[in-house]
Amino acid sequence: QVQLVESGGGLVQAGGSLRLSCVVSGRTFSNYTMGWFRQAPGKERGFTAAISWSGAITTYGDSVKGRFTISRDRAKNTLSLQMHSLGPEDTAVYYCAADPTNGGLSISPRAYEYWGRGTQVTVSS
């Protein structure tokens, strides 16, 4: 069974930075496509970023391009999301997700089989 545990969320002022981490255990993390999604109150869970199994290919949602960076450490089974220039619109619960099929970098939550419980990010104006 795959387990994903996010950390690093918190309260930050607008313009600030945060780094989220997701530790994966239970299976072969290095073979999975990984992604970050976020969900604000009253909104659907939306795509934030994804990274290929090798780490060589990444893709981002339009609203975070140029501000967020996704990365993975295969040796440590850890996925990260570095976030800069945060604004109130980035306030959400951030979820780490894993796609074991390695079928490509999907932006759809349905493509991801395993999910963490999320970490809250709150950006004050």
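Our structure's up above, just so we're on the same page.
The following refers to the structure shown. (Residues numbered from 1 in each chain as written. Predicted model: local features only at pLDDT ≥ 70, side-chain atom pairs only at ≥ 80, totals over all residues. Heavy atoms only, no water.)

Some details on the overall build of the protein
Then, number 1: Counting its secondary structure elements, the protein contains zero helices and eleven strands.
Then, number 2: The order of helices and strands in the protein, counted from the N terminus, is β-β-β-β-β-β-β-β-β-β-β.
Then, number 3: Its C-alpha atoms give the protein a radius of gyration of 13 Å, near enough to 14 Å, the size a compact globule of 125 residues would have.
Then, number 4: Referenced to the eigenvectors of the C-alpha coordinate spread, the extents of the protein come out at roughly 40 × 25 × 25 Å.
Then, number 5: Residue burial in the protein is summarised as follows: out of 125 residues, 44% are buried.
Then, number 6: For the protein, the proportion of contacts with a sequence separation of at least 24, taken over those separated by at least 6, is 60%.
Then, number 7: Of the roughly 6,300 Å² that the protein leaves accessible, carbon and sulfur atoms contribute 47%.
Then, number 8: Side-chain charges in the protein split into 12 positive and 8 negative, and the spacing between the mean points of these groups amounts to 4 Å. (Helix = DSSP H or I, 4+ residues; strand = E, 2+ residues; numbered from the N terminus. Rg over C-alpha atoms; globule rule 2.2 N^0.38 Å. Buried < 20%, exposed > 50% of the residue type's maximum accessible area, 1.4 Å probe, protein only. Contact = heavy atoms within 4.5 Å. Areas by Shrake-Rupley, 256 points an atom, 1.4 Å probe, with all protein chains shown as cover. Lys, Arg positive; Asp, Glu negative; His and termini not counted. Charge placed at Lys NZ, Arg CZ, Asp CG, Glu CD.)

Considering the sheet that holds strand 3 (residues 18-25)
Then, number 1: Spatially, the four strands line up as an open sheet ordered 1-3-8-7, and their pairing is antiparallel. Every other strand in the sheet has two partners, leaving strand 1 (3-7) and strand 7 (68-73) as the edge strands with one partner each. Across the sheet, the mean angle separating the axes of adjacent strands is 15° when strand polarity is ignored.
Then, number 2: Strand direction decides the pairing type here: strand 7 and strand 8 (residues 78-83), joined by six bridges, are antiparallel. Counterpart to threonine 69 in the pairing with strand 8 is glutamine 82. (Pairing = 2+ DSSP bridges. Axes fitted to C-alpha atoms, helices over the stretch in contact; angles between N-to-C directions.)

Describing the state of the cysteines
Then, number 1: Using the criterion set out here, one finds one disulfide in the structure.
Then, number 2: Shown here is the disulfide that connects cysteine 22 with cysteine 96, its sulfur atoms set 2.1 Å apart. On the sign convention where negative means left-handed, the S-S torsion of about -70° between cysteine 22 and cysteine 96 marks this disulfide as left-handed. Highlighted residues: cysteine 22 in strand 3 and cysteine 96 in strand 9 (residues 92-99), separated in sequence by 74 residues. (Disulfide = S-S within 2.5 Å.)

Shape descriptors only; they carry no functional weight alone.
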